[in-house]
Amino acid sequence: MPPHDLHAPQTVPPPHPIHTLLAAFPLAFFTAAFLTDLTYVNTAEMQWANFSVWLITGGLIMGGFAAVAGIVDFARNRRRVRRAPRPWFHSLLNVAVLGLALVNAFIHSRDGWTSVMPTGIILSAIVAVLVIVSSWTGTTVAHRQSTGAA
């Protein structure tokens, strides 16, 4: 057994924020909802619109969990986070994503063609773009916090 020096410096990686892991689900769900809306517009098969509703609902649920975890992480790292502008931008984008996705869920609850065309697919596209931008900004914030960069 090799000798273990108790006084040697140990490098421990910082814990990975759980909300970054949870944020992958709304990213996948909301972008997939836009793709299923596109498929519905091209095929007129109602099952694709049903997929969209379930994907939007799943994105809202997992987005709520990610938001709670993000608020907890924000409260733990309050001093470091308040100085940087990107976490605030990321938070505002997430509020916009969840708000628009909720409206989109209500639009998708209509019957038939009007559940997707034209308002549903437009909202799905906007939510998909916003969640991609939000995920990108959130990942850069988490990376900067874990590496100690300002």
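Residues numbered from 1 in each chain as written. Predicted model: local features only at pLDDT ≥ 70, side-chain atom pairs only at ≥ 80, totals over all residues. Heavy atoms only, no water.

Further remarks concern the overall build of the protein. Broken down by element type, the protein carries 6 helices and 0 strands. Within the span of the protein, comprising 150 residues, buried residues form 34% of the whole. Contacts in the protein between residues far apart in sequence, at least 24 positions, make up 75% of those at least 6 positions apart. Accessible surface, the protein as shown: approximately 9,500 Å² in total, 71% of it carbon and sulfur. (Helix = DSSP H or I, 4+ residues; strand = E, 2+ residues; numbered from the N terminus. Buried < 20%, exposed > 50% of the residue type's maximum accessible area, 1.4 Å probe, protein only. Contact = heavy atoms within 4.5 Å. Areas by Shrake-Rupley, 256 points an atom, 1.4 Å probe, with all protein chains shown as cover.)

Here the structure, examined in full by the defined rule, presents 1 salt bridge. For Asp 73, the salt bridge is made with Arg 76, and the minimal N-O distance between the two is 3.7 Å. On the criterion of helical spacing, the pair formed by Asp 73 and Arg 76 is a turn pair, its members being 3 residues apart in helix 3 (residues 46-76). (Salt bridge = Lys/Arg side-chain N within 4 Å of Asp/Glu carboxyl O.)

Right, let's talk about the packing of helix 2 (residues 24-43) against helix 3 for a bit. One way to put it is that helix 2 packs onto helix 3 with a least axis distance of 8 Å and a crossing angle of 165°. Classified by the interaxial angle, the pair formed by helix 2 and helix 3 is roughly antiparallel. Crossing of helix 2 against helix 3: the hand is left-handed. Of the residues in helix 3, those touching helix 2 at Phe 25, Pro 26, Phe 29, Phe 30, Ala 32, Ala 33, Thr 36, Asp 37, Thr 39, Tyr 40 and Thr 43 are Met 46, Trp 48, Ala 49, Phe 51, Ser 52, Leu 55, Ile 56, Gly 58, Gly 59, Leu 60, Met 62 and Gly 63. (Axes fitted to C-alpha atoms, helices over the stretch in contact; angles between N-to-C directions. Parallel < 35°, antiparallel > 145°, perpendicular 65-115°, else oblique. Left-handed = near helix turned anticlockwise from the far one by under 90°.)

On to the side chain of Thr 137, then. Looking at the element boundaries, Thr 137 is found in helix 6 (residues 119-147). A relative accessible area of 2% places Thr 137 in the buried class. Side-chain polar atoms of Thr 137 contact the backbone oxygen of Ser 134, separated by 3.0 Å. Not counting the four nearest positions on each side in its chain, Thr 137 is found in contact with Phe 89, His 90 and Leu 93. (Polar contact = N/O pair within 3.5 Å; in protein donor to acceptor, adjacent residues only side chain to side chain.)

The tendency in soluble globular proteins is for nonpolar side chains to be buried side by side. Core analysis: the largest hydrophobic core is formed by 11 residues, namely Phe 30, Ala 33, Leu 55, Ile 56, Leu 93, Val 97, Ala 101, Ala 105, Val 127, Leu 130 and Val 131. Counting residues per element, the ones that place at least two in this core are helix 2, helix 3, helix 5 (86-108) and helix 6. By residue number, the principal contributor to this core is helix 5, which donates 4 residues. Non-local contacts of Val 97, meaning those with residues more than four positions away in its chain, are made with Phe 30, Val 127, Leu 130 and Val 131. (Core = buried A, V, L, I, M, F, W, Y, C linked by side-chain atoms within 4.5 Å.)

Below, the discussion takes up the side chain of Asp 37. Within the secondary structure, Asp 37 is located in helix 2. Setting aside its immediate chain neighbours within four residues, Asp 37 contacts Ser 52, His 108, Val 116, Gly 120, Ile 121 and Ser 124.

Attention shifts here to a nonpolar patch on the surface. On the surface, Phe 89, Val 129 and Val 133 cluster together into a nonpolar patch covering about 250 Å² of accessible area. By the element assignment, Phe 89 lies in helix 5. (Patch = residues over 30% accessible without salt bridge, like charges linked within 9 Å, V, L, I, M, F, W, Y side chains within 5 Å.)

Evaluation of the coordinates by the stated rule reveals 3 aromatic pairs. Here Phe 25 and Phe 29 contribute two aromatic rings whose centre-to-centre distance is 6.3 Å and whose plane-to-plane angle is 45°, an arrangement assigned as tilted. Of this pair, Phe 25 and Phe 29 both sit in helix 2, separated by 4 residues, roughly a single helical turn. Between Trp 48 and Phe 51 the ring centres are 5.3 Å apart and the planes differ by 80°, which places this aromatic pair in the edge-to-face class. Here Trp 48 and its partner Phe 51 are both found in helix 3, 3 residues apart, which amounts to about one turn of the helix. Residue Trp 48 is classed as partly exposed on the basis of its relative accessible area, which comes to 30%. By relative accessible area, which is 35% here, Phe 51 ends up partly exposed. (Phe/Tyr/Trp six-rings, centres within 6.5 Å; stacked < 30°, edge-to-face > 60°.)

None of the figures reported here should be taken as evidence of function without further support.
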